[in-house]
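Residues per chain, in single letters:
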Amino acid sequence: MTSQSLHSPTSAFGRIALLLQGGGALGSYQAGVYQALLEQGIEPDWIAGISIGAINSAIIAGNPRERRIEALRKFWDTVTAGSFGWASWLPDLAEHALIRSTINQFAAGRVLVSGARGFFQPRFPPPNLLPSGTSGSTSWYDTSALRSTLEAVVDFDRINAREVRLGIGAVNVRTGNFVYFDNATDTIRPEHVMASGALPPGFPAIEIEGEHYWDGGLVSNTPLDWVLTAPSNLDTLIFQVDLWSADGALPTDLPTTGVRMKEIQFSSRTRAATDEFRKIQALRAAFQRLYEQLPDQLKSSSEAQMLANVSDQAAYNIVQLVYHSPTYEGESKDYEFSRQTMLDHWRTGYENALTTLAHPEVLSPPDEVSGVAVFDFLRAMRP
């Protein structure tokens, strides 16, 4: 195991990973989480994301440390510019769930009609009035503005200099296979980030080297499995920032049914993945203990060597920060790009991260036999 502190005086891990789930307008929650990590001196050296998580990941990896929050602010201010500015004149009533829900639905309706500045805009004529196979016939919105926005807030040369490892998940439309674009092996450009967030039928597929790609969330909305299965002997601290909660209340009507359906579809069952990984690591640890007792003749056998090569002895802390929606946020919460809601998400992410980091055990290697510890200090906070 590695105990060398490479990243901050508070970390005893050889690698720190920040994993950002997809979730559209909810993504400013991740920006708030990252701001808290940065202020606490926690510096990820591997960042991976899906959809809006890929955009936030690229912004973080594509800027020097001192400019990352500024760049995240610039992106989120851009895509929420021109939104319904109710906060200045309705601060008290906005705390009322029914009124806030109405305001949020109004803001989401505006996005459906007008799009989000610097991100996407409605097609005219709409795709159902265009001939099959023509440009724009497969999506309701045009995302070409996103390229300019990304180029304004991301230094792609910095990403490809590999100061920080960056991974972006997408789906090959033709094969249906999940693909990770990784700056360890690929040259990352704006189209890779756009591809990760190209959720159909809202957004068009993005062409990269002759292939077309859709949003990675169609197959997996978190890069957790990819990071956990990567060969490594480094003790790893993982911050898994999810925008959809697997836990939720039983729906009581059609609107809450729609919300719950999205939560289940995009939550990625993070806890199931971590539980399975813990079991696998326990088996690896058991083999290592047995391997040390084998006679030399058995140790040198091809079977023992094969198992030894896949018996990762690294320790893992998996810290889950899952956004739990207030009751007033409905089915449209992933495309409700109002400025006030963006600020609310950002503040909540910041506060949730500080709550989690107040527990010092998250920054210490685990004592579990499996070498895997999973933390979720926010679960009890679900509305």
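Residues numbered from 1 in each chain as written. Predicted model: local features only at pLDDT ≥ 70, side-chain atom pairs only at ≥ 80, totals over all residues. Heavy atoms only, no water.

- Looking up the protein chain in an unreviewed UniProt entry gives the name NTE family protein, with the organism given as Sphingomonas kyeonggiensis.

Brief notes about the nonpolar core
Then, in step 1: By size, the foremost hydrophobic cluster in this structure holds 72 residues, and its most contacted members are Phe119 and Phe239.
Then, in step 2: Leaving out residues up to four positions away in the same chain, Phe119 has contacts with Ile52, Ile55, Val79, Asp142, Thr143, Ala145, Leu146, Phe203 and Phe337. (Core = buried A, V, L, I, M, F, W, Y, C linked by side-chain atoms within 4.5 Å. Buried < 20%, exposed > 50% of the residue type's maximum accessible area, 1.4 Å probe, protein only. Contact = heavy atoms within 4.5 Å.)

A word on the pairing of strand 9 (residues 236-242)
Regular strands place side chains that alternate from one sheet face to the opposite one.
Then, in step 1: Among the seven residues of strand 9, seven are classified as buried, and the element is accordingly described as predominantly covered.
Then, in step 2: Side chains Thr236, Ile238, Gln240 and Asp242 of strand 9 all project onto a buried face; the interleaved residues Leu237, Phe239 and Val241 project onto the opposite face, where all are buried too.
Then, in step 3: Note: strand 1 (residues 15-20) against strand 9, six bridges, orientation parallel. Looking at strand 9, one finds that Ile16 is bridged to Leu237.
Then, in step 4: Note: strand 9 against strand 10 (residues 316-322), seven bridges, orientation parallel. Bridging from a neighbouring strand, Ile238 pairs with Ile318 of strand 10. (Helix = DSSP H or I, 4+ residues; strand = E, 2+ residues; numbered from the N terminus. Pairing = 2+ DSSP bridges.)

Structural notes on the pattern of salt bridges
Then, in step 1: By the definition in use, this model includes 13 salt bridges.
Then, in step 2: With a shortest N-O distance of 3.0 Å, Arg65 and Glu43 are connected by a salt bridge. In this pair, Arg65 is assigned in the loop between helix 2 (52-61) and helix 3 (68-79) and Glu43 in the loop between helix 1 (28-39) and strand 2 (46-50), connecting sequence segments 22 residues apart.
Then, in step 3: Assessed through its relative accessible area of 41%, Arg65 is described here as partly exposed.
Then, in step 4: The salt bridge partner of Arg158 is Glu163, with a shortest N-O separation of 2.7 Å.
Then, in step 5: For Arg158, a relative accessible area of 23% puts it in the partly exposed group. (Salt bridge = Lys/Arg side-chain N within 4 Å of Asp/Glu carboxyl O.)

Notes on the confidence of the model for the protein chain
Then, in step 1: Residues of the protein chain with pLDDT of at least 70 account for 91%, and the chain-wide mean is 88.
Then, in step 2: The low-confidence segment residues 1-7, where pLDDT is below 50, has 23 contacts with residues more than four positions distant or belonging to other chains. (pLDDT = per-residue confidence, 0-100.)

Structural notes on the packing of helix 3 against helix 13 (residues 339-357)
Then, in step 1: Two numbers describe how helix 3 lies on helix 13: the axes approach to 11 Å, and their chain directions differ by 150°. Accordingly, the angle class assigned to the pair helix 3 and helix 13 is roughly antiparallel. The segment helix 3 lies against helix 13, with Ile69, Leu72, Arg73, Trp76 and Asp77 engaging Arg339, Met342, Leu343 and Trp346.
Then, in step 2: For the contact of helix 3 with helix 13, the per-class residue count stands at six nonpolar, no polar and three charged. (Axes fitted to C-alpha atoms, helices over the stretch in contact; angles between N-to-C directions. Parallel < 35°, antiparallel > 145°, perpendicular 65-115°, else oblique. Nonpolar A, V, L, I, M, F, W, Y, C, P; charged D, E, K, R; others polar.)

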